[in-house]
Amino acid sequence: MHKSVMVGALLSASIFGLAAPAFADTELKVYISSQHQPQVWRQVLDKFEAANPGTKVTIETGGNTSEAQAQYLNTIMSAKDASLDVLILDVIRPAQFAAAGWTSPFEGKDMSVYLPAYAEANTVDGKVVALPAFADSMFLYYRKDLLEKYGIQPPKTWDELKAAVKKINGGENNPDLQGLSFQGKAIEGAVCTFLLPYWSQGKNLVDNGKLTFDKTAAVNSLKLWKSFVDEGVSKKNIAEVATDDTRKEFQAGNVVFAVNWSYAWAQSQGKDSAVVGKVGVTRLPAVAGGEQATCLGGWEWGVSAYSKNQDAAKKLVSFLSSQEASKHMAVNGSLLPTYSPLYQDADVLKAAPWFADAKQVVETAKPRPVTPRYNEVSEVIRTTVNAVLAGVTTPEDGAAQIEARLKRILR
Amino acid sequence: MTTSTLNITDRMEKQPPAWSRLLDLSDKALAVLLLAPAGLLLSLIIVYPVLRLVYTSFFSLSLTSGLPAEFVGLENYQLMIEDPVFWETTWNTVLITLITVPGALVVGMALALLANLPFRRQWPVRLSLLIPWALPLSFAGLIFAWFFHSEYGVVNDVLARFGIEGVIWFNSPSLAFAAICLTIIWKTSSFMALIILAGLQTIPRSLYEAADVDGAGRVRQFFEITLPLLKPAIVVALIFRTITALQTFDIPFMMTGGGPGTSTATLAMYIHQNTVSFLDLGYGSALAVVMFALSMCVTVIYLRIIRTKE
């Protein structure tokens, strides 16, 4: 009780900017997007302040989607604004920020302590440009209770998923119950939507900065998603569905299977959820004869190249990406750790038991193409996926458009 | 000091034309002096940015490439001509202008005539005219995005009450386009109405009384008196409306984000995407130059029309 009052007072004081102690000689401002639980990160920042007297850290929040946040940071950074010292970045952005010279590299940092995928995502041309904040990847959420009722095992392929949905729909006879919810709106999530079955066919999009587009695999991927709509497995307006819509529909009990990131877990077990204790999380299915593939997510901490407190900012980022901080965020914010041992940590598993199986998924997750022009790559893929799901473009034309436009961007 | 003053006075008395020439000159100097602040301000906030925009459009300048700006001549314009999305967004912009400008004029005219009727209480009518105009564009876009939502939207709900099956508005390019145009007309017709209403109130009542005496009906009065006298107000309203229509951004950005695919994206959205999201300032500038040229053409055409009418 006493502690929560203290935290509340600290929080409100920092909101009003009145907490500046007289001895503070270094002030750092950290940008955290509003969907990433700034109140839990605040607890980690308080620990840092306690260990570093004389340093005061404030949070600036903004942008509740990856795209909105990128637009804001693009504006700030292209104006060479020095007001932000530390930035949280989507895993797809360090390459762009490094190319633009917006983040300061970390010298002599040992990246082998992190999961290999994040060591790789934060290293551009041999330089460490950011440090991992938390790990993430896409999972298949399913209704444990419904699958058990009809004696169905969690599907290993998309065809099995279709069959499972047809069996459950036939038995439940509930027109409001949707078989599968995924992201069809033209948002960042739709890039992963396209890539999941594409990767599952063993194909890569980009290799060493060169486009290795496989048109047949692309057509198959788009056809698969369109077939979910056409066969009534997913609802007809799937082209309007964004990531958080999927989370809400699933949490309301209106969906059997959902493709989503790990954050959806915490709320599906929260007090506003209709499916507490009825949720299973597993690997995403594969295409028939293919391998199970998922999309690598997660966010990183970068130090602004325009920050006037380079050393203090780097010290803070080293702390924010430490094992101690990672554990705190896993336990209190159910964010996947970037340190391998934490997936067997008793405190972490007590808070989120399914993390025990999640490490293998994160370790095999595939990164989206690493390129400074990622925003353009993303736009091409997500608008095409959206057009195909809306029935405006055929899968064949869509794949041809993606190929033609990606060739221009990655020439 | 004294001698020179005397000298000047002498010269002034001897050569009065020189004094008047001097007076002319100082008049001009005064004019220049008085116009200077406005001129300076205009060149700083309009002329310089426009020239800078045209200059940047000749460079390859992308913040994601990590390369310094490089002069490429007309390459950005060459790319634009080959870019199907440029043509699609430009065509969408023109189509929005062609549909929403006349649409807003007709609806705005009707609203203005309605508001001009001798109601006992004027303020509720005027207030309801002002509210859509005062609402920020992005709010209007967001509100109508919910209205047209296929599951939670009020439009499909009303349709269902009349036994008509709802449609997924944002799944079809033509329906999404129609929803956007309806929203723009709703949002902008009150601006038209306000200007036309101001015009209506300058028409003397005596003209209508004379027409009544001469036996002219209501319809004839509208076409013979109201419409001709409203022409200047209508032209002004049309100029403003057309230019803002060419710059349409907020409403489609909030309603569809340009979707499905890129079928409802406008030129302004494409400029925003290239500069803010892709950080390709060279190409974005070239696109903005085209939009500037389009707006200039429209303004020149309207100004010509006013001049010939006078």
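Along every chain, residues carry numbers that run from 1 in the direction the sequence is written. Starting at A for chains and at 1 for ligands, labels are handed out in the order in which the entities are written. Given that this is a predicted model, residues contribute local features only at a pLDDT of at least 70 and side-chain atom pairs are listed and counted only at 80 or more, while totals for whole chains, interfaces and linings are drawn from all residues. Here the side-chain values reflect all heavy atoms present in the structure, with hydrogen atoms and water set aside.

Caption draft 1: Quick peek at the sheet that holds strand S2 (residues 55–61) of chain A. Residue and element names in this part refer to chain A. Strands qualify as paired when DSSP identifies two bridges or more between them. Segments assigned H or I by DSSP are reported as helices when at least four residues long, segments assigned E as strands when at least two residues long, and all are numbered from the N terminus. If you trace the five strands from one edge of the open sheet to the other, you get S2-S1-S3-S13-S6, paired in mixed fashion. The strands lining the two open edges of the sheet, one partner per strand, are S2 and strand S6 (131–134). The sheet shows a mean angle of 30° between the axes of neighbouring strands, taken without regard to direction. Summarising the sheet, strand S1 (residues 26–32) and S2 pair through seven bridges and their orientation is parallel. Within S2, the position partnered with Ile32 by the bridge is Thr61. Between the N-to-C directions of two axes lies an angle of 0 to 180 degrees, each axis being a line fitted to C-alpha atoms and, for a helix, fitted only over the stretch in contact.

Caption draft 2: Broad picture of the domain arrangement of chain A. Residues and elements named next belong to chain A. Taken domain by domain, chain A consists of domain 1 (2–136 + 297–364) and domain 2 (139–295 + 373–409). Opposite the 15 residues of domain 1 that make contact, domain 2 presents 14 residues. Interface of domain 1 and domain 2: buried area, both sides summed, is about 1,500 Å²; carbon and sulfur atoms make up 59% of it. By definition here, a salt bridge exists when the distance from a side-chain nitrogen of Lys or Arg to a carboxyl oxygen of Asp or Glu is within 4 Å. In this assembly, domain 1 and domain 2 are joined by zero salt bridges. Whenever a nitrogen or oxygen atom comes within 3.5 Å of another N or O atom, the pair is scored as a polar contact, on the condition that within protein one atom can donate a hydrogen and the other can accept it, and that pairs from neighbouring residues in sequence are kept only if both atoms are in side chains. Applying the counting rule to domain 1 against domain 2 returns six residue pairs in polar contact (both at pLDDT 80 or more). Elements represented by at least two residues in the side of domain 1 that touches domain 2 include exactly helix H3 (66–78) and helix H15 (355–364). For the side of domain 1 that touches domain 2, the element with the most residues is H15, which contributes four residues. An automatic or database domain assignment supplies the start and end points of every domain. The criterion used for residue contact is that any of the two residues' heavy atoms lie within 4.5 Å. Throughout, buried area stands for the accessible area (probe radius 1.4 Å) lost by two parts on being put together, summed over both.

Caption draft 3: The confidence of the model for chain A, seen in detail. Per-residue confidence from the predictor is reported as pLDDT, which spans 0 to 100. Looking at chain A, the pLDDT average stands at 90 and 94% of residues meet or exceed 70. Below pLDDT 50 for its whole length, residues 16–23 of chain A participates in eight contacts with residues either more than four positions away or in separate chains.

Caption draft 4: A look at the domain arrangement of chain B. Residues and elements named next belong to chain B. By domain assignment, chain B separates into domain 1 (2–56) and domain 2 (77–309). Computed from C-alpha atoms alone, the centre-to-centre distance between domain 1 and domain 2 is 44 Å. Every contact between the two is made by four residues of domain 1 and, on the other side, six residues of domain 2. Between domain 1 and domain 2, a total of about 400 Å² is buried, with carbon and sulfur atoms accounting for 81% of that surface. If you sort the residues of domain 1 by the area they bury against domain 2, Val50, Leu53 and Thr56 come out on top, with a joint share of 85%. Counting the contacts that link domain 1 with domain 2 gives zero salt bridges. For the pair domain 1 and domain 2, the number of links is zero residue pairs in polar contact (both at pLDDT 80 or more). In this count, Pro and Cys sit with the nonpolar residues alongside Ala, Val, Leu, Ile, Met, Phe, Trp and Tyr, while Asp, Glu, Lys and Arg are called charged and the others, Gly among them, polar. Grouping the constituent residues of the side of domain 1 that touches domain 2 by class yields three nonpolar, one polar and no charged.

Caption draft 5: Here's a closer look at the environment of Tyr114 of chain A. All names here are of chain A. Within the secondary structure, Tyr114 sits in the loop between helix H4 (94–99) and helix H5 (116–121). Note on classification: 1.4 Å probe, protein chains only; a residue is buried when its accessible area is under 20% of the maximum for its type, exposed when over 50%, partly exposed between these limits. Taking the relative accessible area as the measure of exposure, Tyr114 reaches 5% and is therefore buried. A C-alpha to C-alpha distance of 26 Å links Tyr114 and Ser200, two positions 86 residues apart in sequence. Non-local contacts of Tyr114, meaning those with residues more than four positions away in its chain, are made with Lys109, Leu131, Pro132, Ser321, Thr338 and Tyr339.

Caption draft 6: Broad picture of the interface of chain A and chain B. Each side of the interface is counted separately: chain A has 26 residues, and chain B has 24 residues. Of the roughly 2,100 Å² buried where chain A meets chain B, counting both sides, 53% is carbon and sulfur surface. Per-residue buried area on chain A facing chain B is highest for Gln71, Glu240 and Arg408 of chain A; these three make up 25% of the total on that side. Along the contact surface separating chain A from chain B lie one salt bridge.

Caption draft 7: Summary view of the sheet that holds strand S7 (residues 139–143) of chain A. Residue and element names in this part refer to chain A. Strands sit in the order S8-S11-S7-S12 across an open sheet of four strands; the sheet is mixed. Edge positions in the sheet fall to strand S8 (178–181) and strand S12 (279–282), since each of these pairs with one other strand and no more. Here the average twist between neighbouring strands, direction ignored, is 15°. Both S8 and strand S11 (residues 255–260) contribute to a ladder of three bridges, which runs parallel. Counterpart to Ser181 in the pairing with S11 is Ala258. Taken strand by strand, helix H7 (residues 158–172) contacts S7, S8 and S11, and its axis lies near 150° from that of S11.

Caption draft 8: Local environment of the confidence of the model for chain B. Mean pLDDT over chain B: 88, with 91% of residues reaching 70 or higher. Looking over chain B, one finds the lowest element-wise mean pLDDT in helix H1 (residues 2–14) of chain B, namely 51, and the highest in helix H6 (residues 137–147) of chain B, namely 95.

Caption draft 9: Layout of helix H3 (residues 75–82) of chain B. Restricting attention to buried positions, one finds in H3 of chain B the residues Asn76, Tyr77, Leu79 and Met80 of chain B. All buried residues of H3 of chain B fall inside an arc of 155° around its axis, so they share one side. The arc in question is the one traced by the directions running from the helix axis out to the C-beta atoms.

Caption draft 10: Layout of the environment of Leu320 of chain A. Residue and element names in this part refer to chain A. Relative to the helices and strands, Leu320 is located in helix H12 (residues 310–320). Residue classification places Leu320 among the buried residues on the basis of a relative accessible area of 2%. Sequence separation between Leu320 and Glu300 is 20 residues; the distance between their C-alpha atoms is 9.8 Å. Setting aside residues up to four positions removed in sequence, Leu320 forms contacts with Trp41, Val44, Leu45, Trp301 and Ala325.

Caption draft 11: Seen up close, the pattern of salt bridges. Residues and elements named next belong to chain A. In this structure the tally under the stated criterion is 21 salt bridges over all chains. A salt bridge links Glu172 to Lys149; the shortest N-O distance between them is 2.7 Å. With Glu172 in helix H7 and Lys149 in helix H6 (residues 144–149), this pair connects stretches of sequence that are 23 residues apart. In this structure Glu172 comes out as partly exposed when scored by relative accessible area, which is 25%. Judged by its relative accessible area of 57%, Lys149 falls in the exposed class.

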